[in-house]
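# Coordinate inspection notes
Here are the chains, one letter per residue:
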Amino acid sequence: MPRFNGRVARRLLLSLAVAAVLFGFTPISHALLRAVNGSFAPTPYTSLALRSPSQAESGVKQGVPVRVELTNRSGRTRIYEWRATQAGALIDVGLEKLANGRSETILVPTNHAASGNLRVSLAGTDVYVAVPILKS
Amino acid sequence: MTTSDSDTRVRVTPLAPHGPLATAREIGSRVAPTGIWLSAALISSVALAAIHSPLTPLPGVVTILFVPGAAVMSILRTRPASSAGRAVLAVCLSMLVVMVVGGTASLLGPHIGISRPLDTATESVIWALIALGVLAIGAAERRDPVAWIFEGAGTPNIIGVVTSSLLVLISILGVAELNHTGDIHLAVFGTILDVGVLLAGIAGGWDRESRWPLSILLFGASLALLLSTSLRGGHLYGSDVQREFGVAWSTVHAGVWRIPADHDPYASMLSLTVLPAVLRSVTKLRLTAFFELVVPAILALLPVAVFTSVRSVPRWVTSGRTAPRPGLALGVVTGIIVSSVAFSSDLVSITRQAMATTMLAALVMVLFDRSMSKRSSQIVIGLLILAISFTHYTTSYLLAAVLVCAWLVSLLWERGSLVVPRGEVERHRKSVSSRRMLNGTLVILAVVAAFGWNLGITRNSALSAPSGAVATNGVGIVASTNTSLLPPDQLEHLLVGELRQSAKYIVPVPGSTLVHLTTAAAPATRGIASSLTGFWNKLNLIVTEGIWVVLGVALLYGIFRLGRRRSYAFTSDLVGLGVTGLILGGLLRTSGTLASFYDPERAAIITAILLATPATMLLDDFLPRRTSSMRTKETWLARASFIVGFLYVAVLVIEATGLGALLVGGEAPGSLSASDVNVDDFAVSTPEVATAAWLRSNVKYPNIVQADYHGGLVLLSQPGSYDLVGEIMPAGVDRGAYIYLSHFNLVDGISQADANGGGSWTLYHSTLGFFNRYFYVVYSTGTTRVYH
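Quick caveat: nothing in here was measured; it's all calculated off a predicted structure. (Residues numbered from 1 in each chain as written. Chains lettered and ligands numbered in written order. Predicted model: local features only at pLDDT ≥ 70, side-chain atom pairs only at ≥ 80, totals over all residues. Heavy atoms only, no water.)

## A closer look at the pattern of salt bridges
Residue and element names in this part refer to chain B. Summed over all chains, the structure comprises nine salt bridges over all chains. Between E141 and R143 there is a salt bridge whose closest N-O contact spans 2.9 Å. Its relative accessible area of 34% is what places E141 among the partly exposed residues. Here E244 ties to R352 by a salt bridge, and the two come within 2.6 Å at their closest N and O atoms. (Salt bridge = Lys/Arg side-chain N within 4 Å of Asp/Glu carboxyl O. Buried < 20%, exposed > 50% of the residue type's maximum accessible area, 1.4 Å probe, protein only.)

## Notes on the confidence of the model for chain A
For chain A, the average pLDDT comes to 91, and 96% of its residues sit at 70 or higher. Strand 1 (residues 45–50) of chain A holds the highest mean pLDDT among the elements of chain A, 97, whereas helix 1 (residues 6–23) of chain A holds the lowest, 82. (pLDDT = per-residue confidence, 0-100. Helix = DSSP H or I, 4+ residues; strand = E, 2+ residues; numbered from the N terminus.)

## Some thoughts on the packing of helix 17 (residues 351–368) of chain B against helix 19 (residues 393–414) of chain B
All names here are of chain B. Look at helix 17 against helix 19: their axes get within 8 Å of each other, and the N-to-C directions meet at 30 degrees. Compared by their axis directions, helix 17 and helix 19 come out roughly parallel. Packed against helix 17, whose contacting residues are R352, Q353, A356, L360 and L363, the element helix 19 presents Y393, T395 and L399 at the interface. (Axes fitted to C-alpha atoms, helices over the stretch in contact; angles between N-to-C directions. Parallel < 35°, antiparallel > 145°, perpendicular 65-115°, else oblique. Contact = heavy atoms within 4.5 Å.)

## What about helix 8 (residues 158–181) of chain B?
For helix 8 of chain B, spanning 24 residues, the distance from its first C-alpha to its last is 34 Å, which sits close to the expected 34 Å at 1.5 Å a residue. Taken together, the buried positions of helix 8 of chain B are occupied by G160, S164, L167, V168, I170, S171, L173, G174, V175, A176, E177 and L178 of chain B. Buried residues belonging to helix 8 of chain B abut helix 2 (25–35) of chain A together with helix 9 (185–204) and helix 10 (214–230) of chain B. (Expected span 1.5 Å × (residues − 1).)

## A word on the sheet that holds strand 8 (residues 760–765) of chain B
Residue and element names in this part refer to chain B. Sheet architecture is open: three strands sit in the order 3-8-7, paired in mixed fashion. Unpaired on one side and paired on the other, strand 3 (484–485) and strand 7 (750–755) mark the two borders of the sheet. One ladder, built from two bridges, connects strand 3 with strand 8; its direction is parallel. Bridging across to strand 8, S484 finds its partner in S760. (Pairing = 2+ DSSP bridges.)

## Details of the packing of helix 18 (residues 374–389) of chain B against helix 21 (residues 440–457) of chain B
Residues and elements named next belong to chain B. Put simply, helix 18 and helix 21 touch, their axes get as near as 9 Å, and they point 20 degrees apart. Regarding the angle of helix 18 to helix 21, the classification is roughly parallel. As helix 18 runs across helix 21, the sense of the crossing is right-handed. Between helix 18 and helix 21, the contacting residues are Q378, I381, G382, I385, L386 and S389 on the first element and L442, L445, A446, A449, A450, W453 and N454 on the second. (Left-handed = near helix turned anticlockwise from the far one by under 90°.)

## Topic: the interface of chain A and chain B
Where interface size is quoted, it is often the accessible area lost as the parts come together. Facing 37 residues of chain A, the contacting portion of chain B comprises 41 residues. Contact between chain A and chain B buries roughly 3200 Å² in total, counting both sides, with carbon and sulfur atoms accounting for 66%. Linking chain A to chain B there are one salt bridge. The partner of D126 of chain A in a salt bridge is R785 of chain B, with the nearest N and O atoms 3.3 Å apart. Remark: the boundary between chain A and chain B carries ten residue pairs in polar contact (both at pLDDT 80 or more). Every element with two or more residues in the side of chain A that touches chain B is listed here: helix 1, helix 2, strand 1, helix 3 (55–58) and strand 8 (128–134) of chain A. Sorting elements by how many residues they give to the side of chain A that touches chain B places helix 1 of chain A first, with seven residues. Judged from the two bridges that link them, strand 1 of chain A and strand 9 (residues 777–780) of chain B form a sheet pairing that is antiparallel. Across the sheet, the residue bridging to L48 of chain A is S780 of chain B, located in strand 9 of chain B. (Buried area = accessible area lost by both parts, 1.4 Å probe. Polar contact = N/O pair within 3.5 Å; in protein donor to acceptor, adjacent residues only side chain to side chain.)

## A short note on a nonpolar patch on the surface
Nonpolar side chains collect at one region of the surface, where L107, L108, I259 and I457 of chain B lie side by side and expose about 340 Å² of accessible area between them. Under the relative-accessibility criterion, L107 of chain B is labelled partly exposed at 41%. (Patch = residues over 30% accessible without salt bridge, like charges linked within 9 Å, V, L, I, M, F, W, Y side chains within 5 Å. Areas by Shrake-Rupley, 256 points an atom, 1.4 Å probe, with all protein chains shown as cover.)

## Considerations on the sheet that holds strand 2 (residues 60–61) of chain A
All names here are of chain A. What the five strands build is an open sheet, ordered 2-8-7-4-5; its pairing is mixed. Each having just a single partner strand, strand 2 and strand 5 (89–98) make up the two edges of the open sheet. One ladder, built from nine bridges, connects strand 4 (residues 78–86) with strand 5; its direction is antiparallel. The residue of strand 5 that forms the bridge with W82 is G94.

## A closer look at the packing of aromatic side chains
Residues and elements named next belong to chain B. A full pass over the atoms with the stated rule returns 17 aromatic pairs over all chains. Ring centres 5.9 Å apart and planes at 15 degrees place the aromatic pair W257 and W453 in the stacked group. Placement of the pair is W257 in the loop between helix 11 (240–254) and helix 12 (274–283) and W453 in helix 21, with a sequence separation of 196 residues. Classification of W257 as buried rests on a relative accessible area of 2%. Plain terms: the ring middles of F770 and F771 are 5.3 Å apart, the flat faces sit at 65 degrees to each other, and that makes the pair edge-to-face. When sorted by exposure, F770 lands in the same class as F771, which is buried. Aromatic rings pair up to connect F770, F771, Y774, F775 and Y787 into one cluster. Looking at R352, its charged tip hangs above the ring of Y266, at a distance of 4.2 Å from the centre. Between R696 and the ring centre of W249, over which it is positioned, the NZ or CZ distance is 4.2 Å. (Phe/Tyr/Trp six-rings, centres within 6.5 Å; stacked < 30°, edge-to-face > 60°. Lys NZ or Arg CZ within 6 Å of the ring centre and 35° of its normal.)

## Structural notes on the environment of D144 of chain B
All names here are of chain B. Relative to the helices and strands, D144 resides in the loop between helix 6 (120–141) and helix 7 (145–150). Spatially, the C-alpha atom of D144 lies 9.5 Å from that of I75, the residues being 69 residues apart in sequence. Only 2.8 Å separates the side chain of D144 from the backbone nitrogen of A147, close enough to count as a polar contact.

## Digging into the confidence of the model for chain B
Residues and elements named next belong to chain B. Scored by pLDDT, chain B comes out at a mean of 87, with 87% of its residues at no less than 70. In the model, residues 1–16 has pLDDT below 50 throughout and makes 36 contacts with residues more than four positions away in sequence or in other chains. Scored as a whole, the predicted complex attains pTM 0.91, and scored at its interfaces, ipTM 0.92.

And the structure:
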């Protein structure tokens, strides 16, 4: 049986400790982060974007649907209620269920919209986009 | 059997007498430590990847940043005396190897049919071959690289390693809590602990025979402080680092580094392009992790290099003096390096300069290390000069200037034209093993490397702006740190005038000049003892400016006192570098023209690196020596000098780490505040990164994107083809532009504008009403917005 002197045993212990930290890092780090209520996870958010941002300049003709991209990075699947309004008046409304990390294009009908600004927003948030509607 | 070399004697085992198997086994045993290291790194990387551990890149990164440098030292048969010095040099030389290998592959690959030489497949083959080459050379030379570095190092001090690890752990947890909840308590506790360990190290190391593991503690505390800043926010923290990330990202996605056609200095640096790309390809290191974790770890070696250099200086001295007190050396390094504005605030977010300054500190360390042979040292210095030239353009130019000036001063010193008579220098040369390391070859190499890489090969534009400004305005000897805060209306007037010259294509919205701008106050910390603000600020000013006095006196004392009395203790290299350091720091501190291109604080740290040794020698000479025959008065004097020095360093480090702002109020650093102006200016959130990515994908040239001074930082990390204009004051907004509003602009309702190249600035309430009236929201996350 090999004999271990103090130096070898010390180095072996150190190597084992390093290996334990390396391979136990994930559960240990999760426990520590939970204990201090800390996280390096990305800040959750939801975004709305005009699929053709140049429409803000050129406008959208009445009757032509506005294409808006909804992105969910909130960390969980969510059901969004979107609303299309003009000067506070509701033009259209819809629901969209979206998994985390996914994007979906919403087609907002403008058949009942008048010329002027159309605002597409997510209910209960400050997330919105706007586009000018032109007479057809 | 032993072979002797210029540095040390190395024990080697004789060739096995019988059979090819025995011979192979014997050859293998010659490089067993490196072989075991490489195998362990490979196996642990695979195992960590199998369990999806976030630490998967760690073994690979440590290996690539250590073994190549160790191999270079082993091949050159040289190494610093101390373990800390060896580690610093191994990392710096490894970075050189990675940049040279990746750069060469990028330049040659496309010519031999490999269009993406920085991709994983090609780089894996290259580094596997390099690993085999390292083992083969080690076996042939009978010198194992890993053993060469660790020989005589012994097991690391467990208490030092555990303490340092705890400091780093608490720092990471503190910043995680601050990022997630805005609670600063753990972050403050961690910073107090870092400061406490550094100050305790000074006290514990005061005894000349102290065995405190100061290098490890210095590294741990420095790294903890740096991580508390670099990990702040949802993306990278700081200004320059955003653009550096953009350059690295472009290289990674291109799979090859090319000499930039637009002469961009950032894209010309292998440290920002090839180095992160190779680490990402070979070890799967995330690009953000390179900037957030790897660069701070490299930068934390900077104070260690200076500490090692300061500690080793009196090795030259053969009579009457021992090494300086370890605590004194730590105090000097903590006071002038760790507590410098550049180290504590700037460099962690200017990564190219962080890496180059660490290499510069390693170069000075090698220059003063008398345990390495002269020729080997000069080769290593030459390699570091080359590495700096493609790591950071400005440091490269500065180094060339420093070496030219230092060489001339050292020539004058040696010829007896500068204070010390020639006879004494001659006697000094004969009586002790003095030597002059700086020679014409190194000076020429530094000049050729700086100008050759930056002007000859990459032809980057780094020098054109400052040289043009100096040619137009002269050096401009004024106080260089003055910036003026103007009322918004006044600044708008200045800005519109500037834009008429520089951005004639901007067509403002009619009536935009009529929008009334109101001044906003920068969010700041109140402080727990705000009544002490005046006293603390005055004390701080005296203490900070006092450093320059100490450095100046140290140099003069060295030249006129130590140089005359003990010329053996003050060599020509020391005089040359010291004089040059002081000239450099003084020039950049007083030149208004140069300061607009190169922050005086960043020059100050180079001065500090060059003058740390004379400062330590001065202080060590002044400190009373404790002897058995000491009288009560002398004992009291010794204690008093320790207490004064200790308190001096304590004030410096408390202010530098931001604890001073928490104490008396002010603008706390991002590492210690949830919502101060520094957080608003430099921290980047995930929605902001997403908005920048959306702009990159959806807005193309010739469209214009406008953002305010700090809001636009994140756009640099996701570079698009559009033109970026860094202001959103209504009178300067183009009617067809895309306007980006950051969290600070939108949620806090504050915007910042600058004019006169940053010399004048203002904070004003964001003009949301103006944007809502004349523009449409085309992208929104709730905390960020893009108008068009």
